[in-house]
Amino acid sequence: MSRVINVDATEAEVLKTCASKGVTISAIEALVSGGTRVVLMNPTATQVMRDAFGRKVLTGDVRRTPLRSWAR
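Positions within a chain are numbered from 1, following the residues in the order the chain's sequence is written. Local features in a predicted model are, by the rule used here, given only for residues with pLDDT of at least 70; side-chain atom pairs are given and counted only at 80 or more, and totals for whole chains, interfaces and linings are based on all residues. Hydrogen atoms and water are omitted, and side-chain values are computed over all heavy atoms in the structure.

(A) Quick look at the side chain of Glu29. Each helix corresponds to a stretch of at least 4 residues labelled H or I by DSSP, and each strand to a stretch of at least 2 residues labelled E; elements are numbered beginning at the N terminus. Turning to its location among the elements, Glu29 is positioned in strand S2 (residues 25–30). Polar side-chain contacts of Glu29 include one of 2.8 Å to the side chain of Arg64. Contact between two residues is taken to exist if any of their heavy atoms lie within 4.5 Å; hydrogens are not considered. If we ignore the near neighbours within four places in the chain, the residues touching Glu29 are Glu11, Gly35, Thr36, Arg37, Arg64 and Thr65. Side-chain atoms alone can form a polar contact between residues adjacent in sequence; in general such a contact is a pair of N or O atoms within 3.5 Å, and within protein one must be able to donate a hydrogen while the other accepts it.

Pasting the structure below:
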């Protein structure tokens, strides 16, 4: 199982919800397509957050922010 979920929520909302559930975040980023991508520490934590966010969990393709430019 993946440790990554994409959520239709702001980074602040994700941080607050994770803190309230006692879940540790490994990485977090805003998505270009809207919402937030969050990587959690383990699959158990990921399932806890899937349950917490319910219908706000995004499925399908999302657009991420490029980490670096490959243009020369």
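Continuing now.
(B) Focus on the environment of Val57. With respect to the helices and strands, the residue Val57 is situated in the segment after helix H2 (43–53). Apart from the residues lying within four places of it in its own chain, the contact partners of Val57 are Asn6, Val7 and Arg50.

(C) Structural context of the pattern of salt bridges. Any carboxyl oxygen of Asp or Glu that lies within 4 Å of a side-chain nitrogen of Lys or Arg is treated as forming a salt bridge with it. For the structure on display, the rule yields two salt bridges. The partner of Arg37 in a salt bridge is Glu29, and the shortest N-O contact between them spans 3.7 Å. One exposure class covers both Arg37 and Glu29, and it is buried. Arg64 is the partner of Glu29 in a salt bridge, and the nearest nitrogen-oxygen pair spans 2.8 Å. Taken together, the positions of Glu29 in strand S2 and Arg64 in the segment after H2 put the pair 35 residues apart, joining distant regions of the chain. Each residue's exposure class comes from its accessible area (1.4 Å probe, protein chains only) as a fraction of the maximum for that residue type: buried when under 20%, exposed when over 50%, partly exposed otherwise. Classification of Glu29 as buried rests on a relative accessible area of 17%. A single network of salt bridges, built from pairs that share partners, joins Glu29, Arg37 and Arg64.

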